[in-house]
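Structural features, examined
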Amino acid sequence: MLHPDAPARQRLAEQAARRVRLGLAPGPALEALRAVTTAELLDAAVSASPGRRAADAAEVLGAVCDAARQAVRRPAGWLYAAVDTPAPVAVPAALLTAAVLAALRTALQTPGRRAVVRCLPRRDQVIVCVQAGDRADTADAAALWRAAGARGGGTCVFGVGPVFTAALRLPLCPGLPLAPAATARDLLADRYALPYVYLGEWCAGPWT
């Protein structure tokens, strides 16, 4: 679970916002905030007991993509999503959200690159896939995707080449009740929200 009122998180977010108010990029403060957030999500993925509720991967990814489209300064069409079919999985929504956002950052680091997000149910499993950019800044993305695969009882593959690709193959969990999913509006609520942490350099507000 993320704690937006944690002293370290609050201090780093304020530093990033202060730099933007001075006309500077969020820079090291945002990088540190991203590292703190990633470490917290990875720790929760390992230490938390197995969940009694499932996250609908399609609903989570739909909200993530809507939030990214609204927040990021990019021409329309930079992000394509095919995430329509419900897919309950045993992965915390925050972990899946951060994994996808970290992968989307590789597209934003690559001028002109289009990102593609898919959620593809296959009988008793689902494949979640992101194709994005070609930059090597993928350390947090790789760690988050691995953790999502392990927590969801599935497998993860990713690669950095001409196109960064990350994919999860997860068992569906139709027997578990669904946890409430955050909307795009929820994901853009404040400077601690995950889209700003992982995509902040390219977002219009709240850093601005």
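Described below are features of the structure shown in this document. Residue positions within a chain follow its written sequence, with the count starting from 1. Selection of residues for local features in this predicted model requires a pLDDT of at least 70, selection of side-chain atom pairs for listing and counting requires 80 or more, and totals for whole chains, interfaces and linings are taken over all residues. As a convention, hydrogens and water are excluded, and side-chain values are obtained from all of the structure's heavy atoms.

**A closer look at the overall build of the protein**
For the protein, the helix and strand inventory stands at seven helices and seven strands. Helix and strand assignments follow DSSP, with helices taken as H or I runs no shorter than four residues and strands as E runs no shorter than two, numbered in order from the N terminus. Counting helices and strands in the order they occur from the N terminus, the protein gives α-α-β-α-β-β-α-β-β-α-β-β-α-α. To sort residues, take the accessible area from a 1.4 Å probe on protein chains only and compare it with the maximum for the residue type: under 20% means buried, over 50% means exposed, and anything in between is partly exposed. Expressed as a percentage of the 208 residues in the protein, the buried residues total 47%. Sequence separation of 24 or more characterises 73% of the internal contacts of the protein that already satisfy a separation of 6 or more. Contact between two residues is taken to exist if any of their heavy atoms lie within 4.5 Å; hydrogens are not considered.

**What about the environment of Leu168?**
With respect to the helices and strands, the residue Leu168 is situated in strand E7 (residues 165-171). Considered as a pair, Leu168 and Ala150 are 18 residues apart in the sequence and their alpha carbons are 9.8 Å apart. Sequence-distant contacts of Leu168, that is, excluding residues within four places in its chain, are made with Leu96, Val126, Ile127, Val128, Trp145, Ala148, Gly149, Thr155 and Cys156.

**What to know about the environment of Ala93**
Relative to the helices and strands, Ala93 resides in helix H4 (residues 93-108). Accessibility expressed as a relative area gives 30% for Ala93, which makes it partly exposed. Here Ala93 is in contact with Ala55 and Val60, once residues within four sequence places are set aside.

**Here we look at the side chain of Asp56**
With respect to the secondary-structure elements, Asp56 resides in strand E1 (residues 55-56). Counted charges follow a simple rule, with Lys and Arg positive, Asp and Glu negative, and His plus the chain ends left uncounted. The working definition used for a salt bridge is a side-chain nitrogen of Lys or Arg within 4 Å of a carboxyl oxygen of Asp or Glu. For Asp56, which is buried and forms no salt bridge, the nearest opposite charge comes from Arg53, at a distance of 14 Å. With residues up to four places along the chain from it excluded, the contact list for Asp56 reads Pro86, Ala87, Pro88 and Leu178.

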